Amino acid sequence: MKAAKRMGSQVSQKKVEAKCNVAKEASKNKSKGIVDEDEPPPEVPKKWRDYIVEFHFPVPTELTPPLMQLIEVSFSYPNREDFRLSDVDVGIDMGTCVAIVGPNGAGKSTLLNLLARDLVPSEGEVRRSQKLRVGRYSQHFVDLLTMEEPPVQYLLRIHPNQEGLSKQEVVRAKLGKFGLPSDNHHTPIAKLSGGQKARVVFTSISMSKPHILILDEPTNHLDIQSINALADALDEFTGGIVLVSHNSRLISRVCDDEERSEIWVVENGTVEKFPGTFQEYKEELQQEIRAEVDD
């Protein structure tokens, strides 16, 4: 009897040791990327649900063209002899989509500032329709915000004429569509992230009901969902668009219609319209770069 018990105890001990060895072997195999086909697959981590963001710019009222023109405009900064834009003749109307391209430092942002009347030309004339409303997004958009105000209060102060029983709820609904979480609607703007501040600015632009959008690097601070939402909104917008961006995918989306799209090349102190599409401009630029490398 005692011998049988000892034998049973030894068998049990061997089973335990065998299980431990199996477990150790399985652990080694997993670390090497080997999976036992009989082993049930590990539970796949659940993907975070994408939040819903929907940029929207309202359909603008019709205005008689021309809406905006630079006529024989020249500009130079004081004490900067190395920079000058000369003899600029361009115009924008309803439905026009313009991408401004060129080397860094050539004057793309300066041209936007002239169009937006943030700069006064040294020579020439800037003409704009009297009823024209312009939505402006700048790389330095933070300068436009009042840091101590929360988004709802800021937007109600800038755009007080809101329809609805509760003006606050109307504004909150707009902020929500542009992807600002409800928890941040009453948070001081100073405490918001760069991307959240950008959403406040885009909401304000939409509420201004612009005829023309002037956008300088609008994808800065935006995530992928928001960039796609912005591209969709610009694609649907029936007003004029002037865009400077390093995001070639956004430019391709905005300027995909050859009939309404223009490419303005800022280089060597001039602004010239490129006789082709944005894709053709990129191909020509790549050919020039390859030629320089070969030389």
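What counts, and where the lines are drawn
- Residues numbered from 1 in each chain as written.
- Predicted model: local features only at pLDDT ≥ 70, side-chain atom pairs only at ≥ 80, totals over all residues.
- Heavy atoms only, no water.
- Helix = DSSP H or I, 4+ residues; strand = E, 2+ residues; numbered from the N terminus.
- Buried < 20%, exposed > 50% of the residue type's maximum accessible area, 1.4 Å probe, protein only.
- Polar contact = N/O pair within 3.5 Å; in protein donor to acceptor, adjacent residues only side chain to side chain.
- Contact = heavy atoms within 4.5 Å.
- Pairing = 2+ DSSP bridges.
- Axes fitted to C-alpha atoms, helices over the stretch in contact; angles between N-to-C directions.
- Expected span 1.5 Å × (residues − 1).
- Phe/Tyr/Trp six-rings, centres within 6.5 Å; stacked < 30°, edge-to-face > 60°.
- Salt bridge = Lys/Arg side-chain N within 4 Å of Asp/Glu carboxyl O.
- Patch = residues over 30% accessible without salt bridge, like charges linked within 9 Å, V, L, I, M, F, W, Y side chains within 5 Å.
- Areas by Shrake-Rupley, 256 points an atom, 1.4 Å probe, with all protein chains shown as cover.
- Lys, Arg positive; Asp, Glu negative; His and termini not counted.
- Charge placed at Lys NZ, Arg CZ, Asp CG, Glu CD.

The protein is annotated in an unreviewed UniProt entry as ABC transporter domain-containing protein of Heracleum sosnowskyi.

Peer 1: What is the right way to look at the side chain of His159 in this model?
Peer 2: Mapped onto the elements of the fold, His159 is located in the loop between α3 (151–158) and α4 (167–177). Using a relative accessible area of 11% as the deciding quantity, one classes His159 as buried. A distance of 2.9 Å separates the side chain of His159 from the side chain of Ser204, its partner in a polar contact.

Peer 1: What is the right way to read the environment of Pro58 from this model?
Peer 2: By the element assignment, Pro58 lies in the loop between α1 (2–31) and β1 (68–75). Separated by 181 residues in the primary sequence, Pro58 and Gly239 have C-alpha atoms spaced 9.3 Å apart. The residues touching Pro58, leaving out its near neighbours within four places in the chain, are Ser206, Lys209 and Phe237.

Peer 1: Help me understand the sheet that holds strand β4 (residues 123–128), please; the structure alone is not making it clear to me.
Peer 2: Sheets are built from strands that pair by backbone hydrogen bonding, the pairs being arranged parallel or antiparallel. Within the open sheet, the three strands sit side by side as β2-β1-β4. Their pairing is antiparallel. The sheet is open, and its two borders are formed by β2 (85–92) and β4, each paired with just one other strand. The sheet shows a mean angle of 10° between the axes of neighbouring strands, taken without regard to direction. The pairing of β1 with β2 spans five bridges and is antiparallel. In the strand pairing of β2, Gln69 is matched with Gly91. The sheet contacts of helix α2 (residues 108–115) involve β1, β2 and β4, and relative to β1 the element is tilted by about 125°.

Peer 1: Hey, could you run me through helix α6 (residues 224–236) in this one?
Peer 2: The α-helix winds at 3.6 residues per turn, so residues separated by three or four positions along the chain end up facing the same way. Taking 1.5 Å of rise per residue, 13 residues should cover 18 Å, and α6 covers 19 Å from first to last C-alpha, within 8% of that figure. Taken together, the buried positions of α6 are occupied by Ser226, Ile227, Ala229, Leu230, Ala231, Ala233 and Leu234. Packing partners of the buried residues in α6 comprise α5 (194–207), β6 (212–216), β7 (240–244) and α7 (248–254).

Peer 1: Is there a simple way to explain the packing of aromatic side chains in this structure?
Peer 2: Working definition: an aromatic ring pair is given by the centre-to-centre distance plus the angle between the planes. This model, assessed by the stated rule, comprises nine aromatic pairs. Consider the rings of Tyr137 and Phe202, whose centres lie 4.5 Å apart with planes at 10°: the pair is stacked. One end of the pair, Tyr137, is in strand β5 (residues 134–137); the other, Phe202, is in helix α5, with 65 residues separating them in the sequence. Phe202 carries the same exposure label as Tyr137, and that label is buried. Grouping aromatic residues by their ring pairs yields a cluster made of Phe55, Phe57, Tyr137, Phe178, Phe202 and Phe237.

Peer 1: What should I look at first to understand the pattern of salt bridges in this one?
Peer 2: As a working rule, side chains carrying opposite charge can pair if their charged atoms are close by. Tallied over the full model, the rule gives eight salt bridges. Measuring nitrogen to oxygen at the nearest pair gives 3.7 Å for the salt bridge that ties Glu262 to Lys273. With a gap of eleven residues between them, Glu262 in strand β8 (residues 261–267) and Lys273 in strand β9 (residues 270–273) connect regions that are remote in the sequence. Since its relative accessible area comes to 23%, Glu262 is described here as partly exposed. A residue is classified by how much of its surface remains accessible, and Lys273, at 49% relative accessible area, is partly exposed.

Peer 1: Honestly, a positive patch on the surface in this entry has me stumped. Any pointers?
Peer 2: A cluster of basic side chains, namely Arg133, Lys174, Lys177 and Lys209, defines a positive patch on the protein surface. Of note, Lys209 is situated in the loop between α5 and β6.

Peer 1: Please clarify how a nonpolar patch on the surface should be interpreted in this entry.
Peer 2: A contiguous nonpolar surface patch, about 280 Å² in accessible area, is contributed by Leu285, Ile289 and Val293. Secondary-structure assignment places Ile289 in helix α8 (residues 278–294). Residue class for Ile289 comes out partly exposed when judged on its relative accessible area of 47%.

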